[in-house]
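Chain by chain, the residues:
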Amino acid sequence: MTDQASLARTRIMEAAIACAERSGVRGFSLEDVATQAGVSRTTIYRYFPGGRSQLVEQTVTREVARFWGRLAAAVADLPTLEDRLVAGLVIGRKLMERSTILANLMDPELLELVEAVQPSEPLIHGVIRDYMREMLAAEAVAGHLRPGMTPDVGAEYLMRMTLSFMSSPGGVDLTDDTAARHVIRTQFLAGVLA
Amino acid sequence: MIGIAVSDEHGHAVPALVPVDSILTAVMAPAELRVADALMRCVGRWGLAKTTIPDIAREAGVSRATVYRLFPGGRSSVLYTAVRVEVQRLLALLTAEAAEADSLEDCLVQGMHHAAVFLESHAALTYLRDHERAELDQVLSFERMDVLYVVSGAVTAPVFERFLAPEDAMAAGTWAARLVVSYLAEPADDVDLCDVDDVRAIVRRFMLPGLTRAAFHP
């Protein structure tokens, strides 16, 4: 894809996000996006021949990926694995609550969105698993892993727990740092770190 | 019914249910229960998309008018009731069984194993997972899973209170439910919760250290 093409696609997707943030995912039309992006509908169809549903799918996928990327960046400078996981959960919940798109993703009525995000899920899960594995490999080198624990096994587990908690905190108040830290220490890390 | 976080006397967040449904399905009107079970049977046979109110009514042996009267919200409200009923049934089963277990480890292992086997052999759930994945994800949306986790924790808490302090007991049940759902939704190559040895490995490796280390009590 040429630079110009990818710039145009990005502009259209960002316009779609702005419209979705304003009117919700169900509430916006291709006309709205065209106006917002300053392009014609024809142009949109050129980059998204599948029309609105393709635009929604790719935009949502992109937003989900950006969410995780933003999280990783936000916690990168924290000193310990525990700190990063705690901050990740707390910040993650805040980001989810502030984003109309991500909130819409949690809305059970929007089958369209659920379907849109499905194809990219294994990819996202792989990225999170790799992220965890890298952190655990560093802990292994420092001799911090429990006997018998490996970065692979630990990463799989932490990935599952992270995804699960991020979407369904299950009664834990993730705006409460103390509560979040208790969960990370007991449910995430007690079996992983020595 | 929702799960919320409230502060205990030390200012720590603890989960609470407001209010809690009874675990006894017997308190439902018999006709409601019949309709809910009928939906599950239909979904197990031909999936959710093709299951209509007339199908459900026929299967339940009631009139369509009755179904609409009992469930003014239509098919989706039948569905959510049916899910709740199944979860309550499963939890009642697990709780009764766990009374026999001698140790915290056995409680967790038997409970999670039985839950996994129950869910893997559940016709409606399996149909949705294999053929109507998006619909399943929609039914088990994040918020609903949240409620299910809190309910699981609350209902199984008495079982774990034999071994743990009350707030840890509730956390144990929620945690176990979370892992069962995770492995059901996204199967792993090397872990099968229908294999009791695999469950024991998970419990020993990840759960017991977090439940029994006194250092973690704030």
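Residues numbered from 1 in each chain as written. Chains lettered and ligands numbered in written order. Predicted model: local features only at pLDDT ≥ 70, side-chain atom pairs only at ≥ 80, totals over all residues.

Draft legend 1. Main features of the overall build of chain A. When its secondary structure is counted, chain A shows 10 helices and 0 strands. Dimensions of chain A along its principal axes, counting C-alpha atoms only, are 60 × 35 × 25 Å. When burial is assessed residue by residue, chain A has 36% of its 194 residues classed as buried. (Helix = DSSP H or I, 4+ residues; strand = E, 2+ residues; numbered from the N terminus. Buried ≥ 20, exposed ≤ 12 C-beta atoms within 10 Å, placed from the backbone.)

Draft legend 2. Structural detail: the overall build of chain B. From N to C terminus, chain B includes 10 helices and 2 strands. Counting the 218 residues in chain B, one finds 35% classified as buried. Sequence separation of 24 or more characterises 60% of the internal contacts of chain B that already satisfy a separation of 6 or more. (Contact = placed C-beta atoms within 7 Å.)

Draft legend 3. View of the packing of helix 4 (residues 51-75) of chain A against helix 5 (residues 81-98) of chain A. Residue and element names in this part refer to chain A. Running from amino to carboxyl end, helix 4 crosses helix 5 at an angle of 135°, the nearest separation of the two axes being 9 Å. If you check the angle between helix 4 and helix 5, you find them oblique. Crossing handedness for the pair helix 4 and helix 5: right-handed. Together, Phe 67, Arg 70, Leu 71, Ala 74 and Val 75 of helix 4 and Arg 84, Ala 87, Gly 88, Ile 91, Gly 92 and Leu 95 of helix 5 make up the contact between the two elements. Grouping the constituent residues of the contact of helix 4 with helix 5 by class yields 7 nonpolar, 2 polar and 2 charged. (Axes fitted to C-alpha atoms, helices over the stretch in contact; angles between N-to-C directions. Parallel < 35°, antiparallel > 145°, perpendicular 65-115°, else oblique. Left-handed = near helix turned anticlockwise from the far one by under 90°. Nonpolar A, V, L, I, M, F, W, Y, C, P; charged D, E, K, R; others polar.)

Draft legend 4. Layout of the confidence of the model for chain B. All names here are of chain B. Overall, the predicted model of chain B reaches an average pLDDT of 85, with 84% of residues at or above 70. Note on residues 1-5: pLDDT under 50 across the span, and 23 contacts to partners over four residues away in sequence or across chains. Here residues 214-218 is a poorly scored stretch, pLDDT under 50, and it has 7 contacts once near neighbours within four places are set aside; other chains count. Listed scores for the predicted complex are pTM 0.84 and ipTM 0.85. (pLDDT = per-residue confidence, 0-100.)

Draft legend 5. Region of the structure containing the packing of helix 5 of chain A against helix 10 (residues 177-189) of chain A. Residues and elements named next belong to chain A. Interhelical geometry of helix 5 versus helix 10 gives an angle of 125° and a closest axis separation of 9 Å. By the angle class used here, helix 5 and helix 10 are oblique. Handedness of the crossing formed by helix 5 with helix 10: right-handed. Every residue of helix 10 that contacts helix 5 at Glu 82, Leu 85, Val 86, Leu 89 and Val 90 is listed here: Asp 177, Ala 180, Arg 181, Ile 184, Arg 185, Phe 188 and Leu 189. Its residues assigned to classes, the contact of helix 5 with helix 10 comprises 8 nonpolar, no polar and 4 charged.

Draft legend 6. Spatial organisation of the interface of chain A and chain B. Taken together, the contacts link 26 residues of chain A with 29 residues of chain B. Per-element accounting of the side of chain A that touches chain B gives the leading share, 6 residues, to helix 10 of chain A. Across the side of chain A that touches chain B, the residue classes break down as 9 nonpolar, 11 polar and 6 charged.

Draft legend 7. Focus on the nonpolar core. With 86 residues, the main nonpolar core has Leu 89 of chain A together with Val 35, Leu 39, Leu 108, Met 112 and Val 180 of chain B as its most contacted residues. With sequence-adjacent residues up to four places away left out, Val 35 of chain B is seen in contact with Ile 56, Ala 60, Val 62, Val 67, Leu 70, Phe 71 and Val 78 of chain B. In terms of nonpolar packing, the next biggest core, distinct from the first, is built from 21 residues, Ile 12, Ile 17, Ala 20 and Val 60 of chain A among them. (Core = buried A, V, L, I, M, F, W, Y, C linked by C-beta atoms within 7 Å.)

Draft legend 8. Here's a closer look at the domain arrangement of chain A. Residue and element names in this part refer to chain A. If you check the domain split of chain A, you get domain 1 (1-49) and domain 2 (64-189). Contacts between the two partners involve 6 residues from domain 1 and, on the opposite side, 5 residues from domain 2. Residue composition of the side of domain 1 that touches domain 2, by class: 3 nonpolar, 1 polar and 2 charged. (Domains from an automatic or database assignment.)

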